[in-house]
Amino acid sequence: MLPDIRLKRVYDSPSSEDGMRVFTDRLWPRGIRKADLKMDLWLKGVAPSSALRRWFGHDPAHWDEFQVKYRQELALYDPDVRQLIDLVRKERVTLLYAARDPVYNHPRVLVAFLKETIASGKDHPGV
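In this text the structure is predicted, and so the values were computed from the model without any measurement.

Asks: Please set out the environment of Val111 residue by residue, giving values where relevant.
Replies: For Val111, the location among the structural elements is in helix H4 (residues 106–119). Relative accessible area serves as the criterion here: at 12%, Val111 is assigned to the buried category. Separated by 16 residues in the primary sequence, Val111 and Leu95 place their C-alpha atoms 8.5 Å from one another. Leaving out residues up to four positions away in the same chain, Val111 has contacts with Ile5, Leu7 and Leu95.

Asks: If you had to explain helix H2 (residues 63–74) to someone new, which residues and values would you point to?
Replies: Here H2 spans 16 Å end to end across 12 residues, near enough to the 16 Å set by a 1.5 Å rise per residue. For H2, the complete set of buried residues consists of Trp63, Phe66, Tyr70 and Leu74. The arc that holds every buried residue of H2, seen down its axis, measures 70°, which confines them to one face. Of the surrounding secondary structure, the elements contacted by the buried residues of H2 are helix H1 (50–56), helix H3 (79–90) and H4.

Asks: Got a sec to walk through H4? Specific residues and values, please.
Replies: A rise of 1.5 Å per residue sets the reference length of H4, with its 14 residues, at 20 Å; its end C-alpha atoms lie 20 Å apart and thus fit the reference within 8%. Every buried residue of H4 is accounted for by His106, Pro107, Val109, Leu110, Val111, Phe113, Leu114, Thr117 and Ile118. On its buried side, H4 packs onto strand E1 (5–9), H2, H3 and strand E4 (93–97). Two residues or fewer after H4 comes Gly121, characterised by a positive phi angle close to 80°.

Definitions and limits used
Residues numbered from 1 in each chain as written. Predicted model: local features only at pLDDT ≥ 70, side-chain atom pairs only at ≥ 80, totals over all residues. Heavy atoms only, no water. Helix = DSSP H or I, 4+ residues; strand = E, 2+ residues; numbered from the N terminus. Buried < 20%, exposed > 50% of the residue type's maximum accessible area, 1.4 Å probe, protein only. Contact = heavy atoms within 4.5 Å. Expected span 1.5 Å × (residues − 1). Arc of directions from axis to C-beta.

Remember that the coordinates give geometry; whether it matters functionally is a separate question.
This is the structure:
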């Protein structure tokens, strides 16, 4: 059974359908006070590294290469990645992100990575 993972921008209203709300960015989003963001968990370690994020810059021309590099980072097995894998195996999870672009953003890659890792039956993510 594939996990129920949803995506939502941090600026969108929470819903009772969200399940566990996990913020997946390394940096805090502009214009939102910490007390105002309805989240259950902040997993900075599942976000792309600062260097990769700056290089990508949400440029669609970098998208294919970004996906490869980001998956390589995820496969390094940060404890936050392991924690997220465990969470999505148990319950519905909504991944929260701040990027404006709904297509070219890291949570889309993260969802695919999580689903593939879980479908493979692996306890350890791999490339």
